[in-house]
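So the chains spell out like this:
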Amino acid sequence: MSFSFNAWQLLGLILASGLLWMLYVRSKDRHQPEPSRRLLFAFILGIGAYFLSLLGYLAVESLRVPDIQFNERLWNAVYCFGIVGPFEEGAKVLVAYLVVFRWQEYDEPIDGFVYASAISLGFACAENFQTITTANWLIQLAYTVTLPITHVLFGSIWGLGIAYAHFCVASPARRVVWQAGSIGLSMVAHGLHDYFIFAFQATVATSALTLVVWLVVLWRLHFLGKRAVSPPKAADVSSPR
């Protein structure tokens, strides 16, 4: 007889995992730590981003677009790179641009990572609670621990890229390239992660991908965590756009 956590137990487990990962993310922001209320609000916005992405999936479903098919590698590639990555990372970016990146506390390069991570953690917690309620306890536990940090990784790509463009790049054209490029890269990385899973059931490959992205992120955070804010002279830094 298989055991599963009930809804309240699962919710507590998911929130506890999200809190632990949030504490880890916040530990990387040593220069000017972000206010707890802002991180909580960004987390809640991430939950909203999840439901926003669901609206996108419902729209696609209403158009009778086929869902993921485990044995259809070509269609899986189209779905993962054309729908999953853009919808999920796009929803996170949208709430970041509309709300978070307008806050006064968004004032140094590493804040892009911190706030993108908070949004991603909210997104992952909502996704976990929505999708693994009826799974057995081992799957529930595994997803609760790993899915949040996976979303954080892909969110950190656009979070770091947008913040770098905003605070460190003077040329308007280069700022656009940095922002658009980092958003596009996060969508591709997210799509690639899901494609490996659905097309090949390649958990080892997805773990390797996650590790590589983590190493790159940690390498960048090593420098950003020590960097004082020094906005580029030629840039208008009143808005992240």
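Computed from a predicted structure; not experimentally measured. (Residues numbered from 1 in each chain as written. Predicted model: local features only at pLDDT ≥ 70, side-chain atom pairs only at ≥ 80, totals over all residues. Heavy atoms only, no water.)

Participant: For this particular structure, what's the right way to read the packing of aromatic side chains?
Facilitator: As enumerated under the stated definition, the model contains 14 aromatic pairs in all. Centroid distance Tyr 50 to Phe 123: 5.4 Å. Interplanar angle 90 degrees. Geometry classified as edge-to-face. Of this pair, Tyr 50 sits in helix H2 (residues 36–62) while Phe 123 sits in helix H4 (residues 110–131), and the two are 73 residues apart along the sequence. Side by side, Tyr 50 and Phe 123 carry an identical accessibility label, which is buried. Grouped by ring-pair contacts, the aromatic residues Tyr 97, Phe 101, Tyr 106, Trp 158 and Phe 167 constitute a single cluster. Lying across the ring of Trp 103, Arg 38 places its NZ or CZ 4.4 Å from the centre. The ring centre of Phe 123 lies 5.2 Å from the NZ or CZ of Lys 92, which sits over that ring. (Phe/Tyr/Trp six-rings, centres within 6.5 Å; stacked < 30°, edge-to-face > 60°. Helix = DSSP H or I, 4+ residues; strand = E, 2+ residues; numbered from the N terminus. Buried < 20%, exposed > 50% of the residue type's maximum accessible area, 1.4 Å probe, protein only. Lys NZ or Arg CZ within 6 Å of the ring centre and 35° of its normal.)

Participant: Mind showing me how you'd approach the side chain of Asp 194 here?
Facilitator: You can see Asp 194 is positioned in helix H6 (residues 172–200). The side chain of Asp 194 sits in the buried core without any salt bridge; Lys 92 is the nearest counter-charge, 9.8 Å away. When neighbours within four sequence positions are excluded, Asp 194 is seen to be in contact with Cys 80 and Val 84. (Lys, Arg positive; Asp, Glu negative; His and termini not counted. Salt bridge = Lys/Arg side-chain N within 4 Å of Asp/Glu carboxyl O. Contact = heavy atoms within 4.5 Å.)

Participant: Hey, could you run me through the environment of Gly 159 in this one?
Facilitator: Here Gly 159 lies in helix H5 (residues 137–168). C-alpha of Gly 159 to C-alpha of Val 114: the two residues are 45 residues apart in sequence and 7.9 Å apart in space. With residues up to four places along the chain from it excluded, the contact list for Gly 159 reads Gly 112, Phe 113 and Ala 116.

Participant: Help me understand the pattern of salt bridges, please; the structure alone is not making it clear to me.
Facilitator: A side chain with one charge may pair with a side chain of the opposite charge, provided their charged atoms come close. Throughout the structure, instances matching the rule amount to three salt bridges. In this structure, Arg 38 and Glu 105 form a salt bridge, with 3.1 Å as the shortest nitrogen-oxygen distance. Here Arg 38 is found in helix H2, whereas its partner Glu 105 is found in the loop between helix H3 (73–98) and H4, with 67 residues between them in sequence. Here Arg 38 matches Glu 105 in class, with each residue buried. Among the ionic pairs, Glu 89 bridges to Lys 92, the shortest N-O distance being 2.9 Å. One end of the pair, Glu 89, and the other, Lys 92, are both in helix H3, three residues apart, so they sit about a helical turn from each other. Here Glu 89 falls in the buried class, since its relative accessible area comes to 0%. Linked by salt bridges that have partners in common, Arg 37, Arg 38 and Glu 105 make up one network.

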